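Secondary and tertiary structure notes
For reference, the chains in residue letters:
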Amino acid sequence: MPDHDTGPASSTGASRAAPNMLAALPVVGLGAAGAVATSALLLRVPPRYLPWIAPQDSAPPPHGPVVAHRGSRQEGLPENTLAAFQHAVASGADVIELDVWMTSDGQIIVHHDRTLSRMTSGADDRDVTAIPYASFPAVLSPPADQLTRAVPDGAPPPRVPLLSEVLDVLPGHVGLNVEVKHHSAELVDRLHGLLSSYGRIPGDAGTTPCYWFSLSEETNALLRARDASIPRIVSERAVLGIVLAYFLGVLPLLPTVGGGVSCFGLPAMGTDVASLRSIKTFKKLPAPLVWALSFALTSSGGKDGLWLPPALAAHLRGRGMQVWALFVNEEAQARYAAAAGATGVLTDRPEWLAELVRSGELNFSEVPGEPAGGPLAAAGAGAAAAGG
């Protein structure tokens, strides 16, 4: 019979391996420290001089810094209605942000929640994807704080509009940011056709191209597969990946970031554990990782409900990306965002923010014109275009 008495030999092997592993720890530590130090130095180098950095999928459209969240939510008009969008445009908003779903009869509507409950004061809790558009309420009854201003002249009573109706009243020079709330290939196809018919696809003359995106990585993949030329905004999961890459010291070493998106956005919210846990993606992370991330964010410049290190903002701008601070509704937050190097601010108060910008009190950064990756990347992109 074979000899199975291998206990002492195994014990001896393990005892020999332990010192070897301990001896390797300083080498691993020095290697990690060297990688972080190298990355810290590379963060100071404009990405156009780092030849391994490739262009993102598409360049973001040029626009000013005022991004009107759902038209407006804190200036007395119901969110995601024609009245709110007309108010935002009249106030000087540079980009309109809105949310879309598809009804049971294939209509693309502008609405934030999956049900009608919040915007009907609880009177109608139907799922917007499960009913035809003709059965939607003729007039909404939103929260009282969204009904303190008179509806602009020419705007209908507050109701759930079709996206086509919004596009009809949106001037071509005003940008558009479409959040796709419904994971559906049919919706993505119909949305692409509608945006194309209104000249909102890159390459169409006379209008500002749109962004489209989803907080869901899976829906973002659908959008990218349908048309990668349309600029996209980072998903929740990709935000976490970029932030972790920044802290781990590998961000400048990555050829592209965020799955090729054109815009990076960070919310104006606390950097404490409870605030981070309120983000769906962070809820899935182990508690020690969330605690560590909270400590890192708070100790590295978090202020006034925002965390945006100037080095991170400058690096992403150098890659040709827009950098937005999200849900900014207080002056201290807006000033911090501008000082940190944000290119835009998503706000529920477009009239207020546009006035601050017009007065010269806030000056936001711009995306540089030269493509990330510098002459080598530009030459490679030109050769690819010539060959295609």
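Structure: see above.
Below or above, wherever it landed, is the structure these notes cover. (Residues numbered from 1 in each chain as written. Predicted model: local features only at pLDDT ≥ 70, side-chain atom pairs only at ≥ 80, totals over all residues. Heavy atoms only, no water.)

Structural notes on the nonpolar core
Side chains that are nonpolar tend, in soluble globular proteins, to be buried together. In terms of nonpolar packing, the biggest core is built from 85 residues, with Ile96, Leu98, Val100, Leu163, Leu191 and Phe264 touching the most fellow members. Top element by residues in this core is helix H6 (residues 236-248). It accounts for seven residues. (Core = buried A, V, L, I, M, F, W, Y, C linked by side-chain atoms within 4.5 Å. Buried < 20%, exposed > 50% of the residue type's maximum accessible area, 1.4 Å probe, protein only. Helix = DSSP H or I, 4+ residues; strand = E, 2+ residues; numbered from the N terminus.)

Some words on the side chain of His315
With respect to the secondary-structure elements, His315 resides in helix H10 (residues 310-318). Setting aside chain neighbours within four positions, we find His315 in contact with Leu43, Pro47, Ile53, Leu251 and Pro252. (Contact = heavy atoms within 4.5 Å.)

Section: unusual backbone geometry
Positioned with a positive phi, Arg70 is a non-glycine residue whose angle comes to about 55°. Counting through the fold element by element, Arg70 comes out in the loop between strand E1 (66-69) and helix H2 (82-91). Residue Phe327 is not a glycine yet carries a positive backbone phi of 60°. Summarising the element assignment, Phe327 is placed in the loop between strand E7 (322-326) and helix H11 (331-340).

A word on the pairing of strand E6 (residues 263-267)
Burial analysis of E6 places four of its five residues in the buried class, the great majority of the element. Where E6 meets E7, five bridges bridge the pair, whose relative direction is parallel. Along E7, the bridge assignment pairs Cys263 with Gln322. (Pairing = 2+ DSSP bridges.)

Focus: the pairing of E7
Within a regular beta strand, the side chains point alternately toward one face of the sheet and then the other, so they alternate between its two faces. With five of five residues buried, E7 is to be regarded as a mostly interior element. The two faces of E7 match: Gln322, Trp324 and Leu326 on one face and Val323 and Ala325 on the other face are all buried.

With respect to the pattern of salt bridges
Enumeration according to the criterion identifies 18 salt bridges in this entry. For Glu218, the salt bridge goes to Arg237, with nearest N and O atoms at 3.0 Å. Here the residue Glu218 occupies a position in helix H5 (residues 217-226), and Arg237 occupies one in helix H6, the gap between them amounting to 19 residues. Via salt bridges that share partners, Arg70, Arg73, Glu79, Asp113, Arg118 and Asp348 belong to a single interconnected network. (Salt bridge = Lys/Arg side-chain N within 4 Å of Asp/Glu carboxyl O.)

Re a nonpolar patch on the surface
Taken together, Trp52, Leu248, Val250, Leu253 and Leu254 make up a surface patch of nonpolar side chains, about 420 Å² in accessible area. Here Val250 is to be found in the loop between H6 and E6. (Patch = residues over 30% accessible without salt bridge, like charges linked within 9 Å, V, L, I, M, F, W, Y side chains within 5 Å. Areas by Shrake-Rupley, 256 points an atom, 1.4 Å probe, with all protein chains shown as cover.)

Some points on the side chain of Thr347
One can find Thr347 in strand E8 (residues 344-347). A polar contact of 3.1 Å, which involves the side chain of Thr347, links it to the side chain of Asn329. Ignoring sequence-local partners within four residues, the contact set of Thr347 consists of Val67, Ala68, His69, Val328, Asn329, Trp352 and Leu353. (Polar contact = N/O pair within 3.5 Å; in protein donor to acceptor, adjacent residues only side chain to side chain.)

Some points on H6
Each α-helix winds once per 3.6 residues, and so residues spaced three or four apart point in a common direction. For H6, spanning 13 residues, the distance from its first C-alpha to its last is 18 Å, which sits close to the expected 18 Å at 1.5 Å a residue. Residues of H6 that are buried: Ala238, Val239, Leu240, Ile242, Val243, Ala245 and Tyr246. Gly249, located one to two residues past H6, shows a positive phi value of around 85°. (Expected span 1.5 Å × (residues − 1).)

Describing the environment of Val128
With respect to the helices and strands, Val128 occurs in the loop between strand E3 (108-110) and helix H3 (163-169). With 26 residues separating them along the chain, Val128 and Met102 place their C-alpha atoms 7.6 Å apart. The contact partners of Val128, leaving out residues within four places of it in the chain, are Trp101, Met102, Thr103, Ser104, Ile109, His111, Asp113, Arg114, Thr115, Leu116 and Phe136.

A few points about the packing of aromatic side chains
Under the defined criterion, the tally for this structure stands at five aromatic pairs. Plain terms: the ring middles of Tyr246 and Phe247 are 5.6 Å apart, the flat faces sit at 65° to each other, and that makes the pair edge-to-face. Exposure remark for Phe247: the relative accessible area of 28% places this residue in the partly exposed category. Seen from their ring centres, Phe247 and Trp307 are 5.5 Å apart, and the 25° between their planes marks the pair as stacked. You can see Phe247 sitting in helix H6 and its partner Trp307 sitting in the loop between helix H9 (287-299) and H10, a full 60 residues away along the chain. On the accessibility criterion, Trp307 (5% relative accessible area) is buried. Through successive ring pairs, a cluster of aromatic residues spans Tyr246, Phe247 and Trp307. One cation-aromatic arrangement involves Arg349 over Trp352; the distance from NZ or CZ to the ring centre is 4.3 Å. (Phe/Tyr/Trp six-rings, centres within 6.5 Å; stacked < 30°, edge-to-face > 60°. Lys NZ or Arg CZ within 6 Å of the ring centre and 35° of its normal.)

Section: the packing of H2 against helix H12 (residues 350-358)
The interhelical angle for the contact between H2 and H12, taken along N-to-C directions, is 10°, at an axis separation of 9 Å. If you check the angle between H2 and H12, you find them roughly parallel. Contacts between H2 and H12 involve His87, Ala88 and Ser91 from the first element and Pro350, Glu351, Ala354 and Arg358 from the second. Within the contact of H2 with H12, the residues separate by chemical class into three nonpolar, two polar and two charged. (Axes fitted to C-alpha atoms, helices over the stretch in contact; angles between N-to-C directions. Parallel < 35°, antiparallel > 145°, perpendicular 65-115°, else oblique. Nonpolar A, V, L, I, M, F, W, Y, C, P; charged D, E, K, R; others polar.)

Re the environment of Val257
Here Val257 shows up in the loop between H6 and E6. When the C-alpha positions of Val257 and Val239 are compared, they lie 9.6 Å apart, and in sequence the two are 18 residues distant.

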